[in-house]
Number of protein chains: 4
Amino acid sequence: MLPMNALPTLHERLPRLTEHLEQWIIESKKQCQHGKVASYIPELAKGNAKALGIHFIDAHGNETSAGDTDTVFTLQSISKVFTLLLALMDNGEELVFNKVGMEPTGDSFNSMLKLELVQPGIPFNPLINAGAIAISSLIHGSSQSDKLERVLRFFRMLTGNENLQYNETVFESELQSADLNRSMAYFLKDNGVLEQSVDDVLDIYFHHCSIDATCKDLARMGLTLANNGYDPIQQKQLIPKRYVQIAKSFMVTCGMYNASGQFAIQVGLPAKSGVSGGILTLIPGTIGIGVIGPALNSKGNSIAGVNLLEKLSQHYDLSMF
Amino acid sequence: MLPMNALPTLHERLPRLTEHLEQWIIESKKQCQHGKVASYIPELAKGNAKALGIHFIDAHGNETSAGDTDTVFTLQSISKVFTLLLALMDNGEELVFNKVGMEPTGDSFNSMLKLELVQPGIPFNPLINAGAIAISSLIHGSSQSDKLERVLRFFRMLTGNENLQYNETVFESELQSADLNRSMAYFLKDNGVLEQSVDDVLDIYFHHCSIDATCKDLARMGLTLANNGYDPIQQKQLIPKRYVQIAKSFMVTCGMYNASGQFAIQVGLPAKSGVSGGILTLIPGTIGIGVIGPALNSKGNSIAGVNLLEKLSQHYDLSMF
Amino acid sequence: MLPMNALPTLHERLPRLTEHLEQWIIESKKQCQHGKVASYIPELAKGNAKALGIHFIDAHGNETSAGDTDTVFTLQSISKVFTLLLALMDNGEELVFNKVGMEPTGDSFNSMLKLELVQPGIPFNPLINAGAIAISSLIHGSSQSDKLERVLRFFRMLTGNENLQYNETVFESELQSADLNRSMAYFLKDNGVLEQSVDDVLDIYFHHCSIDATCKDLARMGLTLANNGYDPIQQKQLIPKRYVQIAKSFMVTCGMYNASGQFAIQVGLPAKSGVSGGILTLIPGTIGIGVIGPALNSKGNSIAGVNLLEKLSQHYDLSMF
Amino acid sequence: MLPMNALPTLHERLPRLTEHLEQWIIESKKQCQHGKVASYIPELAKGNAKALGIHFIDAHGNETSAGDTDTVFTLQSISKVFTLLLALMDNGEELVFNKVGMEPTGDSFNSMLKLELVQPGIPFNPLINAGAIAISSLIHGSSQSDKLERVLRFFRMLTGNENLQYNETVFESELQSADLNRSMAYFLKDNGVLEQSVDDVLDIYFHHCSIDATCKDLARMGLTLANNGYDPIQQKQLIPKRYVQIAKSFMVTCGMYNASGQFAIQVGLPAKSGVSGGILTLIPGTIGIGVIGPALNSKGNSIAGVNLLEKLSQHYDLSMF
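Residues numbered from 1 in each chain as written. Chains lettered and ligands numbered in written order. Predicted model: local features only at pLDDT ≥ 70, side-chain atom pairs only at ≥ 80, totals over all residues. Heavy atoms only, no water.

Note on the copies: chain A fits chain D at an RMSD of 0.0 Å, the axial shift is 0.0 Å, and the rotation between them is 180°. The relationship between the two copies is best expressed as a two-fold rotation axis. (Least-squares fit on C-alpha atoms with pLDDT ≥ 70 in both.)

All names here are of chain A. Where helix α4 (residues 79-99) contacts helix α7 (residues 144-159), the two axes come as close as 11 Å, and the packing angle between them is 110°. One way to sum up the angle between α4 and α7 is to call them roughly perpendicular. For the element pair α4 and α7, the recorded crossing hand is right-handed. Each of Ser79, Phe82, Thr83, Leu85, Leu86, Met89 and Asp90 in α4 lies in contact with α7, whose residues at this interface are Arg150, Val151, Phe154, Phe155 and Leu158. Residue composition of the contact of α4 with α7, by class: 8 nonpolar, 2 polar and 2 charged. (Axes fitted to C-alpha atoms, helices over the stretch in contact; angles between N-to-C directions. Helix = DSSP H or I, 4+ residues; strand = E, 2+ residues; numbered from the N terminus. Parallel < 35°, antiparallel > 145°, perpendicular 65-115°, else oblique. Left-handed = near helix turned anticlockwise from the far one by under 90°. Contact = heavy atoms within 4.5 Å. Nonpolar A, V, L, I, M, F, W, Y, C, P; charged D, E, K, R; others polar.)

Before going further, it helps to examine the state of the cysteines. Every disulfide links exactly two cysteines, by a covalent bond between their sulfur atoms. One pass over the structure, following the stated rule, counts 0 disulfides over all chains. There is no disulfide at Cys254 of chain C, and the cysteine sulfur nearest it, in Cys254 of chain B, is 11 Å away. What makes Cys254 of chain C buried here is its relative accessible area of 7%. You can see Cys209 of chain D has no disulfide; the closest cysteine sulfur is in Cys254 of chain D, sitting 16 Å from it. Cys209 of chain D gets classed as buried once you look at its relative accessible area, which sits at 3%. (Disulfide = S-S within 2.5 Å. Buried < 20%, exposed > 50% of the residue type's maximum accessible area, 1.4 Å probe, protein only.)

Further remarks concern the sheet that holds strand β3 (residues 63-67) of chain A. Residues and elements named next belong to chain A. Across the sheet, 5 strands lie side by side as β3-β2-β10-β9-β8; this open sheet has antiparallel pairing. Where the open sheet ends on each side, the last strands, each with one partner, are β3 and β8 (271-273). Neighbouring strand axes in the sheet, compared pairwise and without regard to direction, differ in orientation by 10° on average. (Pairing = 2+ DSSP bridges.)

All names here are of chain D. Extensive coverage of strand β10 (residues 287-292) is indicated by the burial of 6 of its 6 residues. Residues of β10 alternate between two faces, with Ile287, Ile289 and Val291 on one and Gly288, Gly290 and Ile292 on the opposite face, all of them buried. Summarising the sheet, strand β2 (residues 53-58) and β10 pair through 6 bridges and their orientation is antiparallel. Across the sheet, the residue bridging to Gly53 is Ile292, located in β10.

Right, let's get into a nonpolar patch on the surface. Where nonpolar side chains cluster on the molecular surface, the patch consists of Leu117 of chain A together with Leu117 and Val118 of chain C and spans about 200 Å² of accessible area. With respect to the secondary-structure elements, Val118 of chain C resides in the loop between α5 (113-117) and α6 (129-136). (Patch = residues over 30% accessible without salt bridge, like charges linked within 9 Å, V, L, I, M, F, W, Y side chains within 5 Å. Areas by Shrake-Rupley, 256 points an atom, 1.4 Å probe, with all protein chains shown as cover. Salt bridge = Lys/Arg side-chain N within 4 Å of Asp/Glu carboxyl O.)

Further remarks concern the interface of chain A and chain D. Many authors give the size of an interface as the accessible area that is lost as the parts come together. Taken together, the contacts link 30 residues of chain A with 30 residues of chain D. Between chain A and chain D, the buried area comes to about 2,600 Å², and carbon and sulfur atoms account for 59% of it. The interface formed by chain A and chain D contains 4 salt bridges. For Lys241 of chain D, the salt bridge goes to Asp317 of chain A, with nearest N and O atoms at 2.5 Å. Contributing elements (two or more residues each) for the side of chain A that touches chain D: α12 (241-254) and α13 (260-266) of chain A. The dominant element in the side of chain A that touches chain D, judged by the number of residues it contributes, is α12 of chain A, at 9 residues. For the side of chain A that touches chain D, a count of residues per class yields 11 nonpolar, 12 polar and 7 charged. (Buried area = accessible area lost by both parts, 1.4 Å probe.)

Moving on, we get to the environment of Val267 of chain A. All names here are of chain A. Its location among the elements puts Val267 in the loop between α13 and β8. Assessed through its relative accessible area of 1%, Val267 is described here as buried. Between the C-alpha atoms of Val267 and Gln314, which are 47 residues apart in sequence, the distance is 7.3 Å. Leaving out residues up to four positions away in the same chain, Val267 has contacts with Leu309, Glu310, Ser313 and Ser319.

Take Lys80 of chain A: it is sitting in helix α4. The buried charged residue Lys80 of chain A lacks any salt bridge, with Glu174 of chain A as its nearest oppositely charged partner at 9.8 Å. (Lys, Arg positive; Asp, Glu negative; His and termini not counted.)

Time to look at the pattern of salt bridges. By the definition in use, this model includes 56 salt bridges over all chains. Close ionic contact of Asp107 of chain C with Lys114 of chain B constitutes a salt bridge, the shortest N to O distance being 3.3 Å. With one member in each of two chains, Asp107 of chain C in the loop between α4 (79-99) and α5 and Lys114 of chain B in helix α5 (residues 113-117) form a pair that bridges those chains. Side by side, Asp107 of chain C and Lys114 of chain B carry an identical accessibility label, which is buried. Through salt bridges with shared partners, a single ionic network connects Asp107 and Lys114 of chain A together with Asp107 and Lys114 of chain D.

Right, let's get into the domain arrangement of chain A. Residue and element names in this part refer to chain A. Domain assignment breaks chain A into domain 1 (16-75 + 213-232 + 246-316) and domain 2 (77-209). Taking only C-alpha atoms into account, the centre of domain 1 sits 22 Å from that of domain 2. The interface of domain 1 with domain 2 comprises 27 residues on the first partner and 35 residues on the second. Of the roughly 2,600 Å² buried between domain 1 and domain 2, counting both surfaces, carbon and sulfur atoms make up 75%. Run the count over domain 1 and domain 2 and you get 5 residue pairs in polar contact (both at pLDDT 80 or more). Elements that contribute at least two residues to the side of domain 1 that touches domain 2 include exactly α3 (42-45), α11 (215-226), α12, β8 and β9 (278-283). Considering only residue class, the side of domain 1 that touches domain 2 consists of 15 nonpolar, 8 polar and 4 charged. (Domains from an automatic or database assignment. Polar contact = N/O pair within 3.5 Å; in protein donor to acceptor, adjacent residues only side chain to side chain.)

This is the structure in structure tokens:
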């Protein structure tokens, strides 16, 4: 790895970014009309279908943003990458991969088919709902509230944002609409994947999905992933490199639901999306990127956000492949 | 229909039954060694793997029994036929068939595949677990305890056995091992099939599965089904004929789990089995039959019980087909 | 069994049939507008969507018909019942049930899911396409043309109609649109179910589906099934009783595609339908019935034909259950 | 991209490679005993279960090899990457992605489930069998033999090996055991994916799977992929960069059958394996790598080959993630 001060700056790596962004945001926003805000809980349905924002941060702390970057949204599935990391730090690889597999499923993120059809009935990967529920059961803590605190502290550390909070309104709303996830959790319990009570596990799961954040927070977390777990701002290794490698592999193969293959081809960067319309992505080694655009395509990814990232990747030739 | 006193007696319809039974019981018991007692809850695992008993009753009240007919066992899935009947009496056909379908599934009785794969995601029929859970939600009652009382009263009426009870030990044991059924119930709730709380519905469901009975009780209930809802002993129409017809259709197409087609070919009588090893069957118009044999074959049916019914059906040419 | 001359006549069993039929045909024909003629091959698409006809025959040779009974149509899936019977006569039960199972599938008649998902990968029953293809491979004959002749002769014998022919135009048309059935056949070959060449087997299969017939022919074949293989007109046992019992069991559990459970509840008679709009059914012991109505419902059964049989069964209380 | 002469050499990028390889080959060979040579065709079953070889080539033409690199084997699924590239060059992205999707399936490479379950019934990606068959139908040519010639010429150009040949013995053997692939092809035809005759398409498909090659040929093709379609030896752009990017994305998400996710985590390089035991992989920008080890693990990948690549990737920190 290059020494930090030798890393290219945002403006070296993405020259004339600001002026391009202005145009691209206008163009990508047109996609919003073809998408739909998630509506399975009332709190999510309040998302602004026309919003689109993006934030960049480099290893030197330079930042650029464009569009509706004030939007506050809940992390939803984006949080799954980080609870995986925390679970790996708490338990090590071997134990974690006894509970979840490493493969994309080809099915919807909330499908239960493979839990029944494929032995030994563990979730195929930690980024589908069943897998993230299993991961939630692995977070250490002396008590339920200690676990919740550790999770929140981890996200605060990674965003450098001490104001980060669980959005209890969204949490309650999720809990009210939790029948399918609860079904999954009981199926996992029957398959021997969960050792704790379903209620406790879902309490962790819905809490980490309900953390309020902004594009800037996503970009900041992305920066640490881009630098293999080293946070160049705080100048600290926050997560072991090996675990970040695992997380980025999953972001490429499973990060964008069952449109991950298409995203690999069209954008070619590790990324994770959430149903609130957020996307966390990164340019390996240099830049963290956060996107918000609540209108979703049929696969559950921000329709304008994906479009914007395609423009960015193609213009600057960012694909890893 | 023939007047009751014109109906053939047990000994007219099945001449020399007693002496045949003696031999057949010996032969069929040999099958027990190839089967296994259900073990998913400790209470069921206590079943006697070597037991086999059968009881017959005709419209005149004549009874014959052979083998281990003292065995007390819980109704388990056999109860599903009768909660279906009670739900039909409480709600009518239209409402019931909005919640469950009419088709065999070809899958295991506890499979959830079709709930996810086939729109509109209602259980395929009322005799698989998902369907019976949906049916449990349709039982009327002013309160949860009133519902439980109505169910028990219905079974007491049909067996003419006022001592019939819920086996609370088995009930508690079922509830402890309920993860898969709970998963199913939450899936049904997510699909809009259940309107009540999962806990309340499963409370009904596991209670009716946990009613203690004997072969004699099964035979007695079978007699009323054989007479299209009319109980020739009490001389009362207990269930409308149309609903009994529906129940018997389901017993033929789905009554023996996913070995129902084979049972139709080998035995050819409407029947319903349970994992405790019971089988309720009947000779249309004349005779009710109850069987107990806790050792199960791979499909979950009493291995010796099915074998015994094959001998009986073939010897007396009983197949409906 | 009663001696033939003691069997009730058509007019005893179904009093005032002719006058009821007149009205019922008018009413059931209204359903035609909600159905669609099969269109996967041009020859079938020529079927008259507005036609509805029914024919009855009893053991004494009395016949009644109503509606468009002149319509000539191809047997399609109705033929599967009889090739099963011929295969049983040629090979015995044991060999046949090594190649096909005895269970309804809950899936569409042309689904391949269970061939991949359920070991040992044999068709679940002989009335779905995969099963009927497997059965076609079991017909004996010294040569391919001998097999075709034997099949045709069997149908001529059962209908008493020496003019029965393969419709070569439909056969050719089927062969042109055979990709899915061919896919199934190769899957079966891979699973070790077929021993002969796929081309030869499909040649038999599409030929027996392409036999031209009328309602009267169906009724005549139904009469022999109703009498357990004994043809009361020719006064000969044409098929062993045991095989007819097997066939009738399948007709109840799988005869009306994946609406067989519903048909058992609404009509309650053994039946087999075809995509040309024919339905063969019977009143056990007494009467054979043939129906034609090319407009199909979403499950592939004659929409007006099913409606007409419901009226008939309910009015005369014909359900076996 | 760096100018070619600035690219690191094999020995700069992988210092002390030769001495490490000697040890690693010995260690990885121990895995062979836990694997099995593919046996579905006799020709493949002849593979040496104990063999393991690896070959490297850099942009300057430096080569290193170790182990059993003389082994000649057929490309099998490795060829699918290159027929995809040829199809993209012949037809462009839009047409190709009308016929195949971009997503991993989570199912076995020869599964047909998703063709039936997921609309519109096109193969999920071009590297599973169904997808590669669809791709084979897109190769241009004035005649069948012209197509076969174009394919062979493409492989000769990419390997720089004018002696590359179709192995007609393997081809014939494949064709004899082709029932499942033939089933898939007819299913695709029924779904409207294939426009040509199944026989012609499978002729192309089995031919390109049957090209004889060595590790050296794989490494040479890998080198051109590593350099985004530019062959540094011949100093020519052989394939447009965009198409190579697409191919490498698929190699990461789907290249190692349904163990691709695991390979991404354990090795982290674009790769494609074949049932003959070959693996083609590459270090982006610099080095092409070919591996042969006929003993396969349960997912169909060379058991010792994967083990060797893990050691290599971990020692030199080669993961892209």
